[in-house]
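Coordinate analysis (summary)
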Amino acid sequence: MKTSTGFERRWVLQAAAAAMAASSLPLRVEAAAPVDLSSLRRHFRGTLIGPESAGYDRERRCFTFNPNTDKHPVVIAKCSGEDDIAACMDFAGSKGLDIAIRSGGHDFLGASTGNGILIDTRPMASCQLSASRTAIVGAGAKTGEVTKFLQPSSRAVPFGDSAGVGVGGLTLGGGIGWLAGKYGATCDNLVRARLVLADGRRVVASEEENPDLFWAIRGGGGNFGIVTQFEYGTVEIETVLAGYALYAARDIGGFLRFYRDYISLAPDELAVEIGVVQAEQTLITAHMCWSGDVKAGRKVLAPLLAYGSPLAVDISERPYGQVSYMAPSIKAILHPQPVGTAKGVPPSAQQRGGSLGAVSDAAIHALTERIGTARGNWSFSLVHYLHGAICRTPPAKTALTRPLGSFSYHFNAEWSDDDQTTHQMEWVKQSGEALGPYSIPTYVNYLSSGKLLDVKRTYGDNFARLQSIKQRYDPNNIFHNNRNIPPAE
């Protein structure tokens, strides 16, 4: 690829050093030295937030904010459009600054913050429905915002299961949610995207334009450029049968074995996510969404709702737009006083994810042992049972791997007291390690390691092709704050 003179040459040495540093996460990071922003201000129309700015500490926090992700960007650039992003890229190159990119900030590794320049696309949160019923969405939008916008037209994009997640990271990692069994992954519904490349060029990726890049960004993460706009095909959906059930955690192992057998028979229209959550007592939660005929759905859900005399059940036909808010609603019920509000600051959190090829008895035993050691605010979730349409997409169609019959899981712990930090972080780490022997290569958006071997395992046979495409579009690995795919040598 022919490169421009403005960007990549400045970055060659800086990117090489930063890529090596990216393989490990520091426990404590000192505030960055000031950098003269005057040249950036002349070309920037959005908002620049420096360490001296009000709100800097809030803006630099990502969702899983803890000592491993305690970064101090030189500047947080809240971009108004592609021109702002290009200006940030040029400025970073001229100053030798590392780049981090943020859409929603829900990254297990905290990759959406850094110690250089943080390119925040959140102000770019536009959404429109085209005449051909595609959704044209700015990279900073949250999935819940897009779903709410589309709801009056009875259209939807098959996003993930949480309204607060940004469309950028979700889509680039693949995107698995409530409608995956019926309509596939989010990336399967992507029609085209606009990107700013490492050399400053602005391109479109689709089946017709730069098809190799289009293949790579559907599951390959943010390795290839900064996406500024997504265009999705939409599906027609108005209401679903959805809600939750709460169970006493008297026999966690028994419930997991029941769930394993129950979900193995799931029709395409069914998605059920379960969790074990610490509240005043330990509870089992089940969130469910049925996207087919309501009468048939009630019959399919009946065995789940009859198990073990649930403590509470709230299942009804409701607008699809409400479904992605179910988990926050449950959290509010379990924790009326959110962690951290007493001090007026958001809680710190640690998350670790993985994938299971099957919920074996040995995995269940390991999990229940870890739950027995937990304290404070914690949870375990078993989500994204892969079946139906998402597994019928040919493996070579996108970079997303999709093992039939697999599950994703994650451990989560929160704390507001610094004295809790070590225990909560160690509990999450050791819990993930306990399930390691029963895990398979992980859905990349839940991959809790940036190590090259783990990234390579995640992509399997697609890894070599991704490296080749990386070499073509980002040969100096400018975009490395992610589950990094280094360029082919």
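Bear in mind the structure is a predicted one, so any value in this text is a computation, not a measurement.

So, about the packing of aromatic side chains. Under the criterion given, the structure shown has 17 aromatic pairs. Ring centres 5.9 Å apart and planes at 20° place the aromatic pair Phe-258 and Tyr-262 in the stacked group. Pair noted here: Phe-258 and Tyr-262 are both in helix 9 (residues 252-263), with a separation of four residues, about one helical turn. One aromatic cluster is present, formed by Tyr-247, Phe-255, Phe-258, Tyr-262 and Tyr-307 through successive ring pairs. Across the ring face of Trp-215, the terminal group of Arg-465 is positioned such that the distance to the ring centre comes to 3.8 Å.

Moving on, we get to the pattern of salt bridges. Taken as a whole, this structure holds 23 salt bridges when the rule is applied. With a shortest N-O distance of 3.1 Å, Glu-59 and Lys-78 are connected by a salt bridge. Of this pair, Glu-59 sits in helix 3 (residues 56-60) while Lys-78 is found in strand 2 (residues 75-78), placing the two residues 19 residues apart along the sequence. Neither residue differs from the other here; Glu-59 and Lys-78 are each classed as buried. Residues Arg-402 and Asp-188 are paired through a salt bridge, measuring 2.7 Å at the closest nitrogen-oxygen approach. Remark: Asp-188 occurs in the loop between helix 7 (180-183) and strand 8 (190-196) and Arg-402 occurs in the loop between helix 13 (389-392) and strand 18 (407-415); sequence separation between them is 214 residues.

In spatial order, the strands read 1-2-4-3; together these four strands make up an open sheet with mixed pairing. A single partner strand is all that each edge strand has here, and the edge strands are strand 1 (47-49) and strand 3 (99-102). Pairs of neighbouring strands in the sheet enclose a mean axial angle of 20°, with direction left out of account. The sheet contact formed by strand 2 and strand 4 (residues 117-120) spans four bridges and is parallel. From the neighbouring strand, Lys-78 faces strand 4, where its bridge partner is Asp-120. Across the sheet, helix 4 (residues 82-95) lies against strand 2, strand 3 and strand 4, angled at about 170° from strand 4, the strand it touches most.

A separate point is the confidence of the model for the protein. Summarising the model, the protein shows a mean pLDDT of 91, and 90% of its residues fall at 70 or more. Low pLDDT, under 50, characterises residues 1-29; the stretch is placed with 61 contacts to residues that sit more than four places away or in other chains.

A separate point is the sheet that holds strand 8. Spatially, the five strands line up as an open sheet ordered 5-6-10-8-9, and their pairing is antiparallel. Each edge of the sheet is formed by a strand with only one pairing partner; in this case those strands are strand 5 (127-129) and strand 9 (202-206). For this sheet, the mean inter-axis angle between neighbouring strands, taken without regard to orientation, is 15°. The sheet contact formed by strand 5 and strand 6 (residues 134-138) spans three bridges and is antiparallel. From the neighbouring strand, Gln-128 faces strand 6, where its bridge partner is Ile-136. Packed onto the sheet, helix 4 meets strand 8, strand 9 and strand 10 (226-233) and runs at close to 145° relative to strand 10.

Look at helix 10 (residues 294-306): 18 Å from first C-alpha to last across 13 residues, which is about the 18 Å you get at 1.5 Å a residue. Of all the bends in helix 10, the largest measures some 35° and sits at Val-300, one to four residues before the proline Pro-303. Inspection of helix 10 places Gly-297, Leu-301 and Leu-304 among the buried residues, and these make up the whole buried set. Contact partners of the buried residues in helix 10: strand 12 (239-248), helix 9, strand 13 (270-278), strand 14 (282-290) and strand 15 (312-319). Backbone geometry just after helix 10 places Gly-308 at a positive phi near 60°.

On to the environment of Ala-216, then. Mapped onto the elements, Ala-216 comes out in helix 8 (residues 211-217). Overall, the relative accessible area of 0% leaves Ala-216 in the buried class. Measuring from C-alpha to C-alpha, the distance between Ala-216 and Asn-462 comes to 9.3 Å, with 246 residues separating the pair along the chain. Each residue touching Ala-216, except ones within four places of it in the same chain, is listed here: Gly-221, Phe-224, Ala-399, Leu-466 and Ile-469.

Moving on, we get to the state of the cysteines. One pass over the structure, following the stated rule, counts zero disulfides. No disulfide involves Cys-88; its sulfur sits 4.0 Å from that of Cys-79, the nearest cysteine.

Counting 49 residues, the largest nonpolar core has Leu-195, Leu-213, Ile-217 and Phe-230 as the members making the most contacts within it. Apart from residues no more than four positions distant in its own chain, Leu-195 is found in contact with Arg-201, Arg-202, Val-203, Ala-205, Leu-213, Ile-217, Gly-225, Ile-226, Val-227 and Thr-228. Counting residues in hydrophobic clusters, the runner-up holds 40 residues, among them Ala-245, Leu-256, Ala-266 and Ile-284.

On to the environment of Val-300, then. Along the polypeptide, Val-300 turns up in helix 10. Counting along the chain gives 35 residues from Val-300 to Leu-265, while the straight-line C-alpha distance between them is 9.7 Å.

A word on unusual backbone geometry. Here the phi dihedral of Ser-154 falls at roughly 60°; this positive angle occurs in a residue that is not glycine. The class for Ser-154 is buried, based on a relative accessible area of 16%. Positive phi is not limited to glycine here, since Asn-477 has a value of about 55°.

What counts, and at which threshold
- Residues numbered from 1 in each chain as written.
- Predicted model: local features only at pLDDT ≥ 70, side-chain atom pairs only at ≥ 80, totals over all residues.
- Heavy atoms only, no water.
- Phe/Tyr/Trp six-rings, centres within 6.5 Å; stacked < 30°, edge-to-face > 60°.
- Helix = DSSP H or I, 4+ residues; strand = E, 2+ residues; numbered from the N terminus.
- Lys NZ or Arg CZ within 6 Å of the ring centre and 35° of its normal.
- Salt bridge = Lys/Arg side-chain N within 4 Å of Asp/Glu carboxyl O.
- Buried < 20%, exposed > 50% of the residue type's maximum accessible area, 1.4 Å probe, protein only.
- Pairing = 2+ DSSP bridges.
- Axes fitted to C-alpha atoms, helices over the stretch in contact; angles between N-to-C directions.
- Contact = heavy atoms within 4.5 Å.
- pLDDT = per-residue confidence, 0-100.
- Expected span 1.5 Å × (residues − 1).
- Bend = angle between axes of the 7 residues up to and from the residue.
- Disulfide = S-S within 2.5 Å.
- Core = buried A, V, L, I, M, F, W, Y, C linked by side-chain atoms within 4.5 Å.

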